Amino acid sequence: LSFDPGAASSFAVENQGRRRPKNDNTIHTPASSTDRFDHGLTKADKIKLSQLKQAGRQGNWRQVQSLFDSSKDCKIPMFNAYMTAAMRCEQFQQGARMFEKLCKFSLPKELATYNLAVKLYAKSGQADLARQAAKEALAEFGLDHTLGAAWLVAAAE
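All values derive from a computational prediction rather than experimental measurement.

How each quantity is defined
Residues numbered from 1 in each chain as written. Predicted model: local features only at pLDDT ≥ 70, side-chain atom pairs only at ≥ 80, totals over all residues. Heavy atoms only, no water. Axes fitted to C-alpha atoms, helices over the stretch in contact; angles between N-to-C directions. Helix = DSSP H or I, 4+ residues; strand = E, 2+ residues; numbered from the N terminus. Parallel < 35°, antiparallel > 145°, perpendicular 65-115°, else oblique. Left-handed = near helix turned anticlockwise from the far one by under 90°. Contact = heavy atoms within 4.5 Å. Nonpolar A, V, L, I, M, F, W, Y, C, P; charged D, E, K, R; others polar. Buried < 20%, exposed > 50% of the residue type's maximum accessible area, 1.4 Å probe, protein only. Expected span 1.5 Å × (residues − 1). Arc of directions from axis to C-beta. Salt bridge = Lys/Arg side-chain N within 4 Å of Asp/Glu carboxyl O.

Examining the packing of helix α2 (residues 61-69) against helix α3 (residues 76-88)
Step number 1: The contact between α2 and α3 brings their axes to 10 Å, and the two run at 165°. Classified by the interaxial angle, the pair formed by α2 and α3 is roughly antiparallel. Of the two possible hands of crossing, α2 and α3 adopt the one that is left-handed. Listed contacts from α3 to W61, V64, Q65 and F68 of α2 are M78, F79, Y82, A85 and A86.
Step number 2: Within the contact of α2 with α3, the residues separate by chemical class into eight nonpolar, one polar and no charged.

Listed below in structure tokens is the structure:
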């Protein structure tokens, strides 16, 4: 996977104010990098999403799968949380398959969704699919620091 310098003039970040430094010198960006979607999460959805994120942070892949499988109405935040957990648990192919499942449902994807797909495809050795996901993201959202970072991760694989 290679970066196409003709796709953008630089890696300059227009909205650096959205980044918030933490005490451990890491930079965190919002999981949902756009406000274009109303996910309509119910209270039960939010609880399930919180549990799914926690299971991923703990590296409990079985619980991640169980929580996702028990979800009745999967929405983008649930898919994103599953794919994030797949990254943390090093279940790269499972995460990549979930992106493909999401695509079959024709759900609108967020930039975070594409960033996860790029990294999951690259980590699972599917450079062509990583490149395709990156191109779709670039066409839909343009280049920002999170997509640039996902490309760098993919290029390093």
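Re the side chain of N80
Step number 1: As for its position among the elements, N80 is in helix α3.
Step number 2: Accessibility expressed as a relative area gives 8% for N80, which makes it buried.
Step number 3: Look past the residues within four positions of N80 in its chain and what remains in contact with it is E110, A112, T113 and L116.

Side note on the environment of C89
Step number 1: Take C89: it is sitting in the loop between α3 and α4 (92-104).
Step number 2: Between the C-alpha atoms of C89 and V64, which are 25 residues apart in sequence, the distance is 9.6 Å.
Step number 3: Residues within four places of C89 in sequence aside, it is in contact with G56, G59, N60 and W61.

Here we look at helix α6 (residues 127-141)
Step number 1: The end-to-end C-alpha separation of α6 is 21 Å, in line with the 21 Å expected for 15 residues at 1.5 Å each.
Step number 2: Residues of α6 that are buried include every one of A130, A133, A134 and A137, and no others. Down the axis of α6, the buried side of the element spans an arc of 100°, and every buried residue falls inside it. Of the exposed residues in α6, the ones pointing more than 90 degrees away from its buried face are D128, K135 and A139.
Step number 3: Elements that come into contact with the buried residues of α6 comprise α5 (111-123) and α7 (145-156).

Thoughts on α2
Step number 1: Turning to α2, its buried residues are W61, V64, L67 and F68. For α2, the arc enclosing every buried residue in end-on projection is 125°, short of the 170-degree limit, so these residues lie on one face. Of the residues in α2, the exposed ones pointing more than 90 degrees away from the buried face are R62 and D69.

A look at the pattern of salt bridges
Step number 1: According to the stated counting rule, one finds two salt bridges in the structure shown.
Step number 2: A salt bridge links R131 to D128; the shortest N-O distance between them is 2.9 Å. Of this pair, R131 and D128 both sit in helix α6, three residues apart, which is roughly one turn of that helix.
Step number 3: A residue is classified by how much of its surface remains accessible, and D128, at 57% relative accessible area, is exposed.

All we've got here are geometric facts, nothing functional implied.
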